[in-house]
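Here are the chains, one letter per residue:
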Amino acid sequence: MHVAETGAGPPVLFLHGFPELWYSWHHQMVSLSSRGYRAISPDLRGYDDTNAPPSAASYSALHIVGDLVSLLDALGLDRIFLMGHDWGAFIAWSSACSGPTGLGLWST
């Protein structure tokens, strides 16, 4: 999975829409990182430099949420702020609804 990140502090995970890339969040990433946050933006499954499984069945929300759980594990993160746009907003919502096995979210 390709991931762009900048900054240090509480982590914010940005999820892009369709057919976008991590780069669609670059202005927000720079802004939040300058305010003390760690901005993290992956290319979701099948986009840009992230692997693309050949089967359409491999692109369900469950699969993508699983990718994000694995990403957070790899980054050593257990709680995040989550931002999503378009398809990324649906994935964010699915993540929030996935219960204690899903993403650890802070709410404000």
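Please read all numbers here as calculations on a predicted model, not as lab measurements. (Residues numbered from 1 in each chain as written. Predicted model: local features only at pLDDT ≥ 70, side-chain atom pairs only at ≥ 80, totals over all residues. Heavy atoms only, no water.)

## Here we look at the packing of aromatic side chains
The relation between two aromatic rings is expressed through the spacing of the ring centres and the mutual angle of the planes.
Thought 1: Summed over the entire model, instances satisfying the criterion amount to 4 aromatic pairs.
Thought 2: Arranged with centres 5.4 Å apart and planes meeting at 90°, the rings of tryptophan 22 and tyrosine 23 form a pair that is edge-to-face.
Thought 3: You can call tyrosine 23 partly exposed: its relative accessible area is 46%.
Thought 4: On the basis of an interplanar angle of 25° and a centroid distance of 5.3 Å, the ring pair of tryptophan 87 and phenylalanine 90 is categorised as stacked. With tryptophan 87 and phenylalanine 90 both in helix α3 (residues 87-96) and 3 residues apart, this pair spans about one turn of that helix. (Phe/Tyr/Trp six-rings, centres within 6.5 Å; stacked < 30°, edge-to-face > 60°. Buried < 20%, exposed > 50% of the residue type's maximum accessible area, 1.4 Å probe, protein only. Helix = DSSP H or I, 4+ residues; strand = E, 2+ residues; numbered from the N terminus.)

## Thoughts on the pairing of strand β3 (residues 38-42)
Thought 1: The element β3 is extensively covered by neighbouring structure, given that 5 of its 5 residues are classed as buried.
Thought 2: On β3, burial covers both faces: Arg38, Ile40 and Pro42 on one face and Ala39 and Ser41 on the other are all buried.
Thought 3: In terms of strand pairing, strand β1 (residues 3-6) meets β3 through 4 bridges, oriented antiparallel. Looking at β3, one finds that alanine 4 is bridged to serine 41.
Thought 4: What joins strand β2 (residues 11-15) to β3 is helix α1 (residues 26-33), and the crossover it makes is right-handed. (Pairing = 2+ DSSP bridges. Right-handed = clockwise from strand over helix to strand, strands pointing away.)

Function-wise, these values are silent; they only describe arrangement.
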